[in-house]
Amino acid sequence: MEYESVTFEAWMSQNMDKRFHQVTLNALSIDKNKNQSSVTFMSKFSAYYIHKIMVYICGKHREGLSFDGKFTASDILIINKTMVDFDTSNLWTYNFNKHTCSNDYAKLYEIF
């Protein structure tokens, strides 16, 4: 079986128009002080991949491992448009603790 993979960074840049979607608010939902008539949500694609990335990181944490936040969006792989994995060939793993865990989530916040 042949696998097609793309980095999360490449996926984000190739799918700028698919990452988010706008929803127009009805008159009752508009905050008069903000004059905002729409809100932006993550697309189903973005939510799906972000969920998969979070599951991967949480799985590593359950194994007692962490990347200590020392990864980039280029290290995250989307395989066959359905699976998420990390290219760990250039990454070190560290023992899981509150600091390495916090660094992983801070990095994900930066990427997302």
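Look up: the structure comes first, before these words.
Reading the values: rules and limits
- Residues numbered from 1 in each chain as written.
- Predicted model: local features only at pLDDT ≥ 70, side-chain atom pairs only at ≥ 80, totals over all residues.
- Heavy atoms only, no water.
- Helix = DSSP H or I, 4+ residues; strand = E, 2+ residues; numbered from the N terminus.
- Rg over C-alpha atoms; globule rule 2.2 N^0.38 Å.
- Phe/Tyr/Trp six-rings, centres within 6.5 Å; stacked < 30°, edge-to-face > 60°.
- Buried < 20%, exposed > 50% of the residue type's maximum accessible area, 1.4 Å probe, protein only.

### As for the overall build of the chain
Regarding its fold elements, the chain presents 3 helices and 7 strands. Taken from the N to the C terminus, the helices and strands of the chain come in the order β-α-β-β-α-β-β-β-β-α. Expected size for 112 residues packed as a compact globule is a radius of gyration near 13 Å; at 17 Å, the chain overshoots this value by more than 25%. The C-alpha extent of the chain, read off along each of the three principal axes, is 50 × 40 × 20 Å.

### Some thoughts on the packing of aromatic side chains
Within the structure shown, the criterion is met by 6 aromatic pairs. A ring pair is formed by Tyr48 and Tyr49, whose centres lie 5.4 Å apart and whose planes are at 70°; its orientation type is edge-to-face. With 5.4 Å between their ring centres and 70° between their planes, Phe71 and Phe86 make a pair best called edge-to-face. Of this pair, Phe71 sits in the loop between strand S4 (65-66) and strand S5 (76-79) while Phe86 is found in strand S6 (residues 83-86), placing the two residues 15 residues apart along the sequence. As far as the burial class goes, Phe71 and Phe86 line up, both buried. One aromatic cluster in this structure is built from Tyr56, Phe67, Phe71 and Phe86.

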